[in-house]
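Close look at the chain arrangement
Chain by chain, the residues:
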Amino acid sequence: MIELIREIYPLNRSLVSDDYDRALEIVGRFVPLTVHEYASGSQCWTWRIPQKWTVREAWVEADGERIIDFADHPLHLWTGSLPVDAVVSREELTEHLAWNEEHPTAIPYRFNFYELKWGFSLSYEQFRRLDADKYRVFIDTEYTDGTLKVGEATVQGRSDETVVLMAHLDHPGQANDGLSGVAVGAELINRLRERDNHYTYTLLVLPETIGSIAYFSHNMDLVPRCRCGIFLEMMGNDNQFAFQHSRQHDDFIDRAARQVLVDRFGEGNFTEGPFRKVVGNDEMVLNGPGLNVPTVSISRWPYWQYHTHLDDISMITEERLEESLEVIEGIVGILERDFVPRRKFTGPIFLSGYGLWVDYHTNFALNRAIEQVMLSLEGDESILDIARKTSVTYDDIYDFVRRVIALDLAEEIGRGADLHRE
C-alpha cells in the first residue's frame, strides 16, 4: 500500500489536471478501474465541472534571486492560480501569500477551485526573510476544457445491494490526506475479489466533493441499491481512529463500525462524533439531500501536518495502513456475516451436556453473558445487537451462537443488516 502512495503523492493532483489523470492511471495498475469522465462545463445538479488547470512554471524573485518556486514543491502555488507576469511591492505580494505562524516550517495548502485569483504559499520562516521592496511574480498557468475523471472498482456480490467506499485522489503533494484512503480501499477491493460476498462493493476514487457529485448526478439509478457508504481518509498516520456517524446516526453501518473499534481498541480509545462534526468529506453527497445513503467516515484525524507539505511519506507506516485495512475489513466482515438467530429449545440449555459451558478462566465476559445470550435468541435481535448489549466481542458471540446452531438448538432466520432497516 505504501508503494502506491509513494509513487503518487508528489504529483500536482488538482481536480481536473494531467497529474490527476496520471495518478488515476497508477491506481489502475494496483486495482482494475472503470474510468468515468465528465466534461468541463457539464451541469451536475447545482454544480458545474471546472476546467482543466495546467501549470508550466511559477515563481517569485527578489533582487534576481528566486525565493519561492513551484518546482520545489507543488504546494508553493495555490491550486487554481491565474497566470501573472508582474512586478509588485512587498505589500501587494503579501496579500497573495499564505503561511502558518503556528507551524513556522510548514508550507500550507491553499486552493481556489471556483474563485479566480492567484497566490503562493511559503513557510513562516521564509516569509520573515522577505525584506525587498519589489518582487517579480511569474505564473505560467492555463485553463482549458478537459474532463474530470472518477475511478470505479466494483466487486459483484450475490446481491446487487451495494456498499460504497470513497476516497480522494486529489490534494497535490500530500500523502496521508486522501492517498492513504485510496491505498487502503484499493487493497480491500483486491481482497474482496478473492471472496464470495453477499453484497456488491464499489470503490470510488475521485476528486473531493465535485467527483462524487459528478458520479452520482449521472448515476442516480444506482442510489436505491446503495446499502451504505464508508469514507476512507487519513489512514496511515500514528493517531487513534476517529469515527464519524452517518446522518442516521444508528444505522447498521454505524453499529458495525463502532463494534469493530470497541472490540479492537476498547471504549475511550478512539474518538467519535455525529455526522459532519468530526471531519467533512463526500459523506455530505452520498448521505446528503436526495440520496441519504447512511455513510460513516473512518480516519485518523486530526494531525497538525494536515493540509501542509509535511503531510508526506515520513508520517505514514505500512503497519498503520494495515491496521486501518483490518478495521475496514472488520466492518465488512460484520456486514457479510451478521444474522438473526432464533431458538429451537425450551427452558435453560444444559450447557455442559452440550459442550457449551464457557470456563470463566478462559473467557470471563462470555461466561457472564451466556444467560443474556440465550434470552436474546428470540428472532428479533442480530448477533451485532447481542454483542452490543453484552459487551462481549462480536466474534465471541458469533462463534458461540454458531455452535448453538450446529447443535440444532437454534436457527438462522435472516440477515442482521435487514432486521431494523428503516
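Residues numbered from 1 in each chain as written. Predicted model: local features only at pLDDT ≥ 70, side-chain atom pairs only at ≥ 80, totals over all residues. Heavy atoms only, no water.

A separate point is the overall build of the protein. Looking only at helices and strands, the protein has 13 helices and 18 strands in total. The C-alpha extent of the protein, read off along each of the three principal axes, is 90 × 45 × 35 Å. Burial analysis of the protein (422 residues in total) assigns 59% to the buried set. If you take every contact in the protein between residues at least 6 apart in sequence, the share linking residues at least 24 apart comes to 81%. (Helix = DSSP H or I, 4+ residues; strand = E, 2+ residues; numbered from the N terminus. Buried < 20%, exposed > 50% of the residue type's maximum accessible area, 1.4 Å probe, protein only. Contact = heavy atoms within 4.5 Å.)

We now examine the side chain of Asn237. On the secondary structure map, Asn237 appears in the loop between β13 (226-232) and β14 (242-244). A distance of 2.9 Å separates a polar atom in the side chain of Asn237 from a polar atom in the side chain of Asn176. Within the local environment of Asn237, its side chain forms a polar contact with the backbone oxygen of Arg300, the two atoms lying 3.1 Å apart. The contact partners of Asn237, leaving out residues within four places of it in the chain, are Asn176, Arg300, Tyr303, Met315 and Arg320. (Polar contact = N/O pair within 3.5 Å; in protein donor to acceptor, adjacent residues only side chain to side chain.)

Here we take up the sheet that holds strand β10 (residues 147-155). Taken in spatial order, the eight strands of this open sheet run β1-β10-β12-β11-β13-β16-β14-β15, and their pairing is mixed. Every interior strand has two partners, whereas the edge strands, β1 (34-39) and β15 (271-273), have only one. Across this sheet, the average inter-strand angle for adjacent strands is 20 degrees, counted without regard to direction. Inspection of the sheet shows β14 paired to strand β16 (residues 295-299) by three bridges, in the antiparallel sense. (Pairing = 2+ DSSP bridges. Axes fitted to C-alpha atoms, helices over the stretch in contact; angles between N-to-C directions.)

Okay, the pattern of salt bridges next. Evaluation of the coordinates by the stated rule reveals 33 salt bridges. Notably, a salt bridge pairs Lys149 with Glu37, separated by 3.9 Å at the nearest N-O pair. In this pair, Lys149 is assigned in strand β10 and Glu37 in strand β1, connecting sequence segments 112 residues apart. Residue classification places Lys149 among the buried residues on the basis of a relative accessible area of 14%. For Arg343, the salt bridge goes to Glu378, with nearest N and O atoms at 2.7 Å. (Salt bridge = Lys/Arg side-chain N within 4 Å of Asp/Glu carboxyl O.)

Leu169, Ile328 and Ile331 are the most contacted members of the largest nonpolar core, which totals 87 residues. In contact with Leu169, not counting residues within four places along its chain, are Ile8, Arg13, Tyr20, Ala23, Leu24, Val27, Leu179, Val182, Val205 and Leu206. Counting 23 residues, the second largest nonpolar core, distinct from the first, contains Leu15, Leu204, Tyr215 and Phe231. (Core = buried A, V, L, I, M, F, W, Y, C linked by side-chain atoms within 4.5 Å.)

Looking at the largest pocket, its volume works out to about 300 Å³. If you trace the largest pocket, you find 14 residues lining it, with Pro348, Ile349, Ile370, Glu371 and Met374 closest to the centre. Element by element, the count of residues in the lining of the largest pocket is highest for helix α10 (residues 364-375), at five residues. (1 Å grid on protein atoms, 1.4 Å probe; cavity = no way out; pocket = protein on both sides within 12 Å on 5 of 7 lines; lining within 4 Å. Points joined across faces, edges and corners; volume = space filled by probe spheres on them.)

Within the structure shown, the criterion is met by 14 aromatic pairs. Here the aromatic rings of Phe113 and Tyr114 are separated by 6.2 Å at their centres, their planes lie at 75 degrees, and the arrangement is edge-to-face. Each ring, one from Tyr215 and one from Phe216, has its centre 5.1 Å from the other, and the planes form 90 degrees; the classification is edge-to-face. Three or more aromatic residues link up through ring pairs in this structure, and these residues are Trp47, Tyr109, Phe111, Phe113 and Tyr114. Of note, Arg337 hangs over the ring of Tyr398, and the distance from its end group to the ring centre comes to 4.7 Å. The ring of Phe339 has Arg402 lying over it, and the distance from NZ or CZ to the ring centre is 4.1 Å. (Phe/Tyr/Trp six-rings, centres within 6.5 Å; stacked < 30°, edge-to-face > 60°. Lys NZ or Arg CZ within 6 Å of the ring centre and 35° of its normal.)

This paragraph deals with the sheet that holds strand β4 (residues 52-62). The strands making up a sheet associate through hydrogen bonds between their backbones, and the pairing can be parallel or antiparallel. Read from one edge of the open sheet, four strands run β5-β4-β9-β6, paired in antiparallel fashion. A strand with exactly one partner marks an edge of an open sheet, and here the two such strands are β5 (65-69) and β6 (84-89). Shown here is a sheet whose adjacent strand axes are inclined to one another by a mean of 25 degrees, direction ignored. In terms of strand pairing, β6 meets strand β9 (residues 134-144) through six bridges, oriented antiparallel. Bridging from a neighbouring strand, Val84 pairs with Ile139 of β9.

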